[in-house]
Amino acid sequence: MTAVGGPGAGDEPSPAGRRAPLQLRVGGASREELHTRLAKLGIQLNDSARTLLEDPCFDTRAPETLEVVQRSLHQLGLASGGTLPQITAAARAQGLVPLPPDTGPYLRLAITDQGQAPDSILSAGRAPTGAVHVHSVPLRADHDYPKGFYLRVVDGVTWLRGFRCDDEYVWPADAVLALRAPDA
């Protein structure tokens, strides 16, 4: 359920948020096992993350190993930021694709050295600072349903949080996303 092989989980991120690729095993755990593992590490969840964890995509599935990379929107070529559709298109132009929707908890369990967020604001109607958003295909078209997960450390507390936005919201250029690298 954590990183397997290769660099990534312990590497220091660059100032722009780029880390070495991480080989991550996703799937194979039940929803209850994920809750237990997250709780054991003291990882906090917001209501949106809890909602996402109840989705049928978290029914046990065969595990797979993915290569996960982190990129800021600026690194994806979106110097002025971008909407989710623009982010997806820019990532695809670099050969990167969305992660499976159930990746968030596995990534949170694997990245144990995330730096402290520069502010303590947990919800402000904007992309939070110091977060790594797990870019995945939304589970529902409903904008009131959480779009996906993000990882953040606030005041020493490690979080797996869900977020909501519509396709018109413009993410800032310094927002960092976790994306799937193509299979070798």
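Above this text you will find the structure in question.
Residues numbered from 1 in each chain as written. Predicted model: local features only at pLDDT ≥ 70, side-chain atom pairs only at ≥ 80, totals over all residues. Heavy atoms only, no water.

Engineer: How would you summarise the overall build of the protein chain if you had to cite specific residues and measurements?
Structural biologist: The number of helices and strands found in the protein chain is four helices and seven strands. The burial tally for the protein chain puts 47% of its 184 residues in the buried class. For the protein chain, the proportion of contacts with a sequence separation of at least 24, taken over those separated by at least 6, is 72%. When the accessible surface of the protein chain is split by element, carbon and sulfur atoms take 53% of a total near 8400 Å². (Helix = DSSP H or I, 4+ residues; strand = E, 2+ residues; numbered from the N terminus. Buried < 20%, exposed > 50% of the residue type's maximum accessible area, 1.4 Å probe, protein only. Contact = heavy atoms within 4.5 Å. Areas by Shrake-Rupley, 256 points an atom, 1.4 Å probe, with all protein chains shown as cover.)

Engineer: Give me the lowdown on helix α4 (residues 103-110), citing residues and values where you can.
Structural biologist: The buried fraction of α4 is high, at eight of eight residues. Taken as a whole, α4 has its buried residues at T103, G104, P105, Y106, L107, R108, L109 and A110.

Engineer: So what's going on with helix α3 (residues 84-93)? Which residues, and what values?
Structural biologist: Along α3, the residues that are buried comprise L84, I87, A90 and A91. All buried residues of α3 lie within an arc of 125° about the axis, which places them on one face of the element. Buried residues along α3 sit in contact with β7 (176-180). Downstream of α3 by one or two residues, G95 has phi in the positive range, about 80°. (Arc of directions from axis to C-beta.)

Engineer: Just give me the short version of the pattern of salt bridges, but keep the residues and values in it.
Structural biologist: In this structure the tally under the stated criterion is seven salt bridges. Residue R140 is joined to D55 by a salt bridge in which the shortest nitrogen-to-oxygen separation is 3.8 Å. In this pair, R140 sits in the loop between β4 (132-134) and β5 (148-154) while D55 sits in the loop between α2 (47-53) and β3 (64-72), placing the two residues 85 residues apart along the sequence. Accessibility expressed as a relative area gives 9% for D55, which makes it buried. R61 serves as the salt-bridge partner of E64, at 3.0 Å between the closest nitrogen and oxygen. Using a relative accessible area of 25% as the deciding quantity, one classes R61 as partly exposed. The structure contains a network of salt bridges with shared partners spanning R61, E64, D102 and R180. (Salt bridge = Lys/Arg side-chain N within 4 Å of Asp/Glu carboxyl O.)

Engineer: Explain the pairing of β5 to me, using residue names and the numbers behind them.
Structural biologist: When you tally the buried positions in β5, you get seven out of seven residues, the bulk of the element. Alternating positions in β5 separate into two faces, G148, Y150, R152 and V154 on one and F149, L151 and V153 on the other, with burial throughout. Bridge count between β4 and β5: two bridges; the pairing is antiparallel. Bridging across to β5, V132 finds its partner in L151. By the bridge criterion, seven bridges tie β5 to strand β6 (residues 157-163) in an arrangement that is antiparallel. What sits directly across from Y150, in β6, is R161. In this antiparallel pair of consecutive strands, β5 and β6, the connection spans two residues, and D155 shows a positive phi of 50°. (Pairing = 2+ DSSP bridges.)

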